[in-house]
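# Fold and geometry: a report
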Amino acid sequence: MAIANKNIIFVAGLGGIGLDTSREIVKSGPKNLVILDRIENPAAIAELKAINPKVTVTFYPYDVTVPLAETTKLLTTVFAQLKTVDLLINGAGILDDHQIERTIAVNFTGLVNTTTAILEFWDKRKGGPGGVIANICSVTGFNAIYQVPVYSASKAAVVSFTSSLAKLAPITGVTAYSINPGITKTTLVHKFNSWLDVEPRVAELLDEHPTQTTLQCAQNFVKAIEANQNGAIWKLDLGRLDPVNWTKHWDSGI
Ligand SMILES: NC(=O)c1ccc[n+]([C@@H]2O[C@H](COP(=O)([O-])OP(=O)(O)OC[C@H]3O[C@@H](n4cnc5c(N)ncnc54)[C@H](O)[C@@H]3O)[C@@H](O)[C@H]2O)c1
Ligand SMILES: CCCCCCO
């Protein structure tokens, strides 16, 4: 998908990975970039507008843990503004294995609800135009950082959900792929709680290994958007962009 002249909704577009990705997206000249995020950062919005004045950048406060009806109401406002939406990026995530229920609520349920809500507008069975969803999951969704089993499991859940969305595309008209960064230098990973404090030094230990910058991640994120490959499982690690070939161990047959 060429980003030029498209309408994009970016949930969590102001975070560490999010803001650098928003910067790279704006450079590619979409018609509209609508950022939905829990954090408000008017300076960042102003900066995005300044990067490319031809792009209309809009912000709406959004907490992905709100009831589905509230998400649908917000999307109704966004669609009234944009008329059409080409790409939804779901990027909200927290990393704190002391917050078990909130981790699942944000990282999994929030992504599922936002996806469910936009299907109201996109589902071709309802006369919708279809669309594209890019879900920010994680390499920990493939192989856990086992000291944060709740976070890792929440990311495995969204990797799985995204793969199912892609297989459902012939029915819904909505394609999907997952964006799976490796360890990327943001405040999220600076310090965080392990489950039951099994490893209080988990962040320090990870920091002893190679990581990537948010800019490297963002530049590869845009390449994945442009590739627009339904069902792709993209690994964005150590400054690289690589497709992951998922091993099939069982087939439902349907
Ligand atoms: N940094 C990494 O190493 C890494 C690796 C793989 C995946 N990820 C994922 O990338 C995404 C961004 O992470 P980051 O490293 O930039 O961290 P970050 O903390 O800078 O960004 C998290 C983003 O999620 C938003 N968010 C959190 N809770 C929310 C809620 N309830 N409603 C709406 N938005 C909410 C935040 O406002 C922020 O924009 C997350 O989903 C994270 O799990 C990060
Ligand atoms: C340093 C731990 C990073 C965990 C986020 C990967 O999704």
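That block above? That's the structure.
Residues numbered from 1 in each chain as written. Chains lettered and ligands numbered in written order. Predicted model: local features only at pLDDT ≥ 70, side-chain atom pairs only at ≥ 80, totals over all residues. Heavy atoms only, no water.

## Description of the site of ligand 2
All residues in the neighbourhood of ligand 2 are listed as Leu95, Ser138, Thr140, Ile145, Tyr151, Ile183, Val189, Phe192 and Leu206. In the model, an oxygen atom of ligand 2 is placed 2.6 Å from a nitrogen or oxygen of the Ser138 side chain. Within the side chain of Tyr151, a nitrogen or oxygen atom sits 2.5 Å from an oxygen atom of ligand 2. Contact with the protein chains removes 95% of the 270 Å² of surface that ligand 2 exposes when unbound. With respect to the detected pockets, ligand 2 is housed in the largest pocket. The residue inventory of the shell around ligand 2, partitioned by class, reads 7 nonpolar, 2 polar and no charged. (Near = heavy atom within 4 Å. Polar contact = N/O pair within 3.5 Å; in protein donor to acceptor, adjacent residues only side chain to side chain. Areas by Shrake-Rupley, 256 points an atom, 1.4 Å probe, with all protein chains shown as cover. 1 Å grid on protein atoms, 1.4 Å probe; cavity = no way out; pocket = protein on both sides within 12 Å on 5 of 7 lines; lining within 4 Å. Sits in = over half its atoms within 2 Å of the grid points. Nonpolar A, V, L, I, M, F, W, Y, C, P; charged D, E, K, R; others polar.)

## Description of the environment of Phe79
Along the chain, the position of Phe79 falls in helix α3 (residues 68-82). Accessibility expressed as a relative area gives 10% for Phe79, which makes it buried. Spatially, the C-alpha atoms of Phe79 and Gly239 are 35 Å apart, while their sequence positions differ by 160 residues. (Helix = DSSP H or I, 4+ residues; strand = E, 2+ residues; numbered from the N terminus. Buried < 20%, exposed > 50% of the residue type's maximum accessible area, 1.4 Å probe, protein only.)

## Overview of the packing of aromatic side chains
This model, assessed by the stated rule, comprises 4 aromatic pairs. With a centroid separation of 4.4 Å and 5° between ring planes, the pair formed by Phe79 and Phe121 is classed as stacked. Taken together, the residues span a long stretch of sequence, with Phe79 in helix α3 and Phe121 in helix α4 (residues 100-122) at a distance of 42 residues. Taking the relative accessible area as the measure of exposure, Phe121 reaches 22% and is therefore partly exposed. Ring geometry for Phe142 versus Trp246: centroids 5.9 Å apart, planes at 65°, classification edge-to-face. Of this pair, Phe142 sits in the loop between β5 (131-136) and α5 (149-167) while Trp246 sits in the segment after β8 (240-243), and the two are 104 residues apart along the sequence. Exposure remark for Trp246: the relative accessible area of 51% places this residue in the exposed category. (Phe/Tyr/Trp six-rings, centres within 6.5 Å; stacked < 30°, edge-to-face > 60°.)

## Focus on helix α9 (residues 214-227)
A rise of 1.5 Å per residue sets the reference length of α9, with its 14 residues, at 20 Å; its end C-alpha atoms lie 20 Å apart and thus fit the reference within 8%. Turning to α9, its buried residues are Thr214, Cys217, Ala218, Asn220, Phe221, Val222, Ala224 and Ile225. Looking at the buried residues of α9, the elements they touch are α1 (16-27), β4 (87-90), β5, β6 (174-181), β7 (233-237) and β8. Residue Asn228 follows α9 closely and has a positive phi angle near 50°. (Expected span 1.5 Å × (residues − 1). Contact = heavy atoms within 4.5 Å.)

## Observations regarding the layout of surface pockets
Rolled over the atoms, a probe with the dimensions of a water molecule shows which regions are left empty. There is about 1000 Å³ of room inside the largest pocket. Taken together, 46 residues form the lining of the largest pocket, with Gly91, Gly93, Ile94, Thr186 and Leu188 sitting closest to its centre. Listing elements by their share of the lining of the largest pocket, those giving two or more residues are β1 (7-11), α1, α4, α5, α7 (187-190) and α8 (202-207). Residues that form the lining of the largest pocket fall into these classes: 24 nonpolar, 14 polar and 8 charged. (Points joined across faces, edges and corners; volume = space filled by probe spheres on them.)

## Quick word on the pairing of β1
Summarising burial for β1: 5 of the 5 residues are buried, a large majority. Residues Asn7, Ile9 and Val11 point to one face of β1 and Ile8 and Phe10 to the other, with burial holding for every one of them. Sheet topology note: the β1/strand β2 (residues 32-37) ladder contains 5 bridges and is parallel. Within the sheet, the bridge partner assigned to Ile9 lies in β2 and is Val34. Viewed along the sheet, the connection from β1 through α1 into β2 turns out right-handed. Taken together, the 4 bridges between β1 and β4 define a ladder with parallel strand orientation. Counterpart to Ile8 in the pairing with β4 is Leu87. (Pairing = 2+ DSSP bridges. Right-handed = clockwise from strand over helix to strand, strands pointing away.)

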